[in-house]
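# Results of the structural survey
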Amino acid sequence: MASPAVPANLVIAISSRALFDLDTAHQVFEERGLAAYSQYQIDNEQVPLNPGTAFGVVRKLLALNDNLSDAMRVEVVLLSRNSADTGLRVFNSIEHYQLPITRAVFSGGEAPWRYIVPFGCQLFLSAEPDDVRKALENQVAAATLISGQASDNENRQLRFAFDGDAVLFSDEAEQVYKRDGLEAFTASERAARHEPLQGGPFKQFLAALQQLQQAFPVDEAPIRTALVTARSAPAHERVIRTLRAWDIRIDESIFLGGLDKTEFLKAYQADVFFDDQQTHCDRAAGHITTGHVPHGVANPR
């Protein structure tokens, strides 16, 4: 008999290539084909995979359950293009690192994004850009994890950093900037400062994080959030009023006026950073686990 489902306040889907370092195995697949890849994984199924880009973030997320009630849980679901046969190494690695991940899909080469909605996921992290785009099209926050430095922040607090336009907010203001330039963008934002921005793909995920934060005293919350945006005054006001209208609190807001974000993300000690601009992601990825959000005017199909 199947065990009853545990109520989950936050469900996150992650691909096997985001959770573990599968670069060597993937190279076997690219150079020698599926049969050689399958045999390689079977031959090494008792050899634990090294942690991948998102491993530290996932471990911290799951550790939140140590201090949450059964009615409010964090669950991580594995979505993998492996078959169940070749995926045994992945599950053995999960067991090796004592990660409490029990639900998984091994789709045998098919795109696994189809299972994001049935699992009720609010976030999908993957190394496959096409799967990420499909998740975003299905109104699920999603990001392509950029190969680079996995977070080694030993602080037990889990720190999220978000870009604003096209991530937390819609790209309506960014469209003005791309079309008409900075001066027109600034004038437009000043004129619309009392009009809340529409929500972007990560609005509901931020709201879910806040719900988890509220389960703890303010000074003991194991999650911290930051807005790290290229905006500056006077374009800051609309952002602040938007978050107020949504009744969503964000712990830190950093308005950079076009400065590079990387040093500020390091100073904040971000565990993971989400941005729609590929250039910002590429700069940050050498220092921080970074997710590219292929959404909005900066990411045409």
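Residues numbered from 1 in each chain as written. Predicted model: local features only at pLDDT ≥ 70, side-chain atom pairs only at ≥ 80, totals over all residues. Heavy atoms only, no water.

A few words on the overall build of the protein. Looking only at helices and strands, the protein features twelve helices and ten strands. The C-alpha radius of gyration of the protein comes to 20 Å, within 12% of the 19 Å expected for a compact globule of 301 residues. Principal-axis analysis of the C-alpha atoms places the extent of the protein at approximately 60 × 45 × 35 Å. Burial statistics for the protein: of 301 residues in total, 50% are counted as buried. Sequence-distant contacts, at least 24 apart, represent 75% of the contacts inside the protein between residues at least 6 apart. Of the accessible surface of the protein, which amounts to about 14300 Å², a share of 48% is contributed by carbon and sulfur atoms. (Helix = DSSP H or I, 4+ residues; strand = E, 2+ residues; numbered from the N terminus. Rg over C-alpha atoms; globule rule 2.2 N^0.38 Å. Buried < 20%, exposed > 50% of the residue type's maximum accessible area, 1.4 Å probe, protein only. Contact = heavy atoms within 4.5 Å. Areas by Shrake-Rupley, 256 points an atom, 1.4 Å probe, with all protein chains shown as cover.)

What follows is about the packing of helix 7 (residues 172-180) against helix 8 (residues 182-191). The contact between helix 7 and helix 8 brings their axes to 7 Å, and the two run at 150°. Comparing the axis directions of helix 7 and helix 8 gives the class roughly antiparallel. Viewed along their axes, helix 7 and helix 8 form a crossing whose handedness is right-handed. Listed contacts from helix 8 to Ala173, Val176, Tyr177 and Asp180 of helix 7 are Leu182, Ala184, Phe185, Ser188 and Glu189. For the contact of helix 7 with helix 8, the residue count by class is six nonpolar, one polar and two charged. (Axes fitted to C-alpha atoms, helices over the stretch in contact; angles between N-to-C directions. Parallel < 35°, antiparallel > 145°, perpendicular 65-115°, else oblique. Left-handed = near helix turned anticlockwise from the far one by under 90°. Nonpolar A, V, L, I, M, F, W, Y, C, P; charged D, E, K, R; others polar.)

Turning our eyes to something else, we now look at the pairing of strand 8 (residues 252-255). Both strand 7 (residues 223-229) and strand 8 contribute to a ladder of four bridges, which runs parallel. For Leu227, the partnering residue across the bridge sits in strand 8 and is Ser253. (Pairing = 2+ DSSP bridges.)

All right, on to the sheet that holds strand 8 then. Read from one edge of the open sheet, ten strands run 3-2-1-4-5-10-9-6-7-8, paired in mixed fashion. Of all strands in the sheet, those bounded by a partner on one side alone are strand 3 (104-106) and strand 8. For this sheet, the mean angle separating the axes of adjacent strands, direction not counted, is 20°. Both strand 1 (residues 10-15) and strand 4 (residues 123-126) contribute to a ladder of three bridges, which runs parallel.

Once that is clear, we can look at the packing of helix 2 (residues 23-32) against helix 3 (residues 34-43). For the pair helix 2 and helix 3, interaxial distance at closest approach is 7 Å and the crossing angle is 150°. Considering their axes alone, helix 2 and helix 3 lie roughly antiparallel with respect to each other. Regarding helix 2 and helix 3, the two cross each other, and that crossing is right-handed. Counted together, Thr24, Ala25, Val28, Phe29 and Arg32 of helix 2 and Leu34, Ala36, Tyr37, Tyr40 and Gln41 of helix 3 form the full contact between these two elements.

What follows is about the confidence of the model for the protein. Residues with a pLDDT of 70 or more make up 95% of the protein, whose mean pLDDT is 90. Residue range residues 1-7 is modelled with pLDDT below 50. Its contacts to residues more than four positions away, or to other chains, number seven contacts. (pLDDT = per-residue confidence, 0-100.)

Glancing now at the nonpolar core. A general tendency of soluble globular proteins is for nonpolar side chains to be buried together. If you look at the biggest cluster of nonpolar residues, it comprises 74 residues, and the most contacted ones within it are Leu19, Phe160, Phe162, Phe202, Phe205 and Phe274. In contact with Phe162, other than residues within four places in its own chain, are Val167, Leu168, Phe202, Phe205, Leu206, Leu209, Thr225, Ala226, Leu227, Val228, Phe273 and Phe274. Grouped together as the second largest cluster of nonpolar side chains are eleven residues, Ala161, Ala270, Phe273 and Ile288 included. (Core = buried A, V, L, I, M, F, W, Y, C linked by side-chain atoms within 4.5 Å.)

In the structure shown here, the tally under the stated rule is 18 salt bridges. A salt bridge links Lys134 to Glu137; its shortest N-O distance comes to 4.0 Å. Of this pair, Lys134 and Glu137 both sit in helix 6 (residues 129-137), three residues apart, which is roughly one turn of that helix. (Salt bridge = Lys/Arg side-chain N within 4 Å of Asp/Glu carboxyl O.)

Considering all chains together, one arrives at 14 aromatic pairs under this definition. With centroids separated by 6.2 Å and ring planes inclined at 85°, the aromatic side chains of Phe202 and Phe205 adopt a geometry described as edge-to-face. The same class applies to Phe202 and to Phe205, which are both buried. Every member of this aromatic cluster is reached through a ring pair, and the members are Phe160, Phe162, Phe202, Phe205 and Phe274. (Phe/Tyr/Trp six-rings, centres within 6.5 Å; stacked < 30°, edge-to-face > 60°.)

Here helix 8 has its buried residues at Phe185, Thr186 and Glu189. Summarising the axial view, the buried residues of helix 8 lie within an arc of 95°, below the 170-degree limit, and thus occupy one face. Facing away from the buried surface of helix 8 by more than 90 degrees, the exposed residues are Glu183 and Ala191. Buried positions along helix 8 lie against helix 7 and helix 10 (236-246). (Arc of directions from axis to C-beta.)

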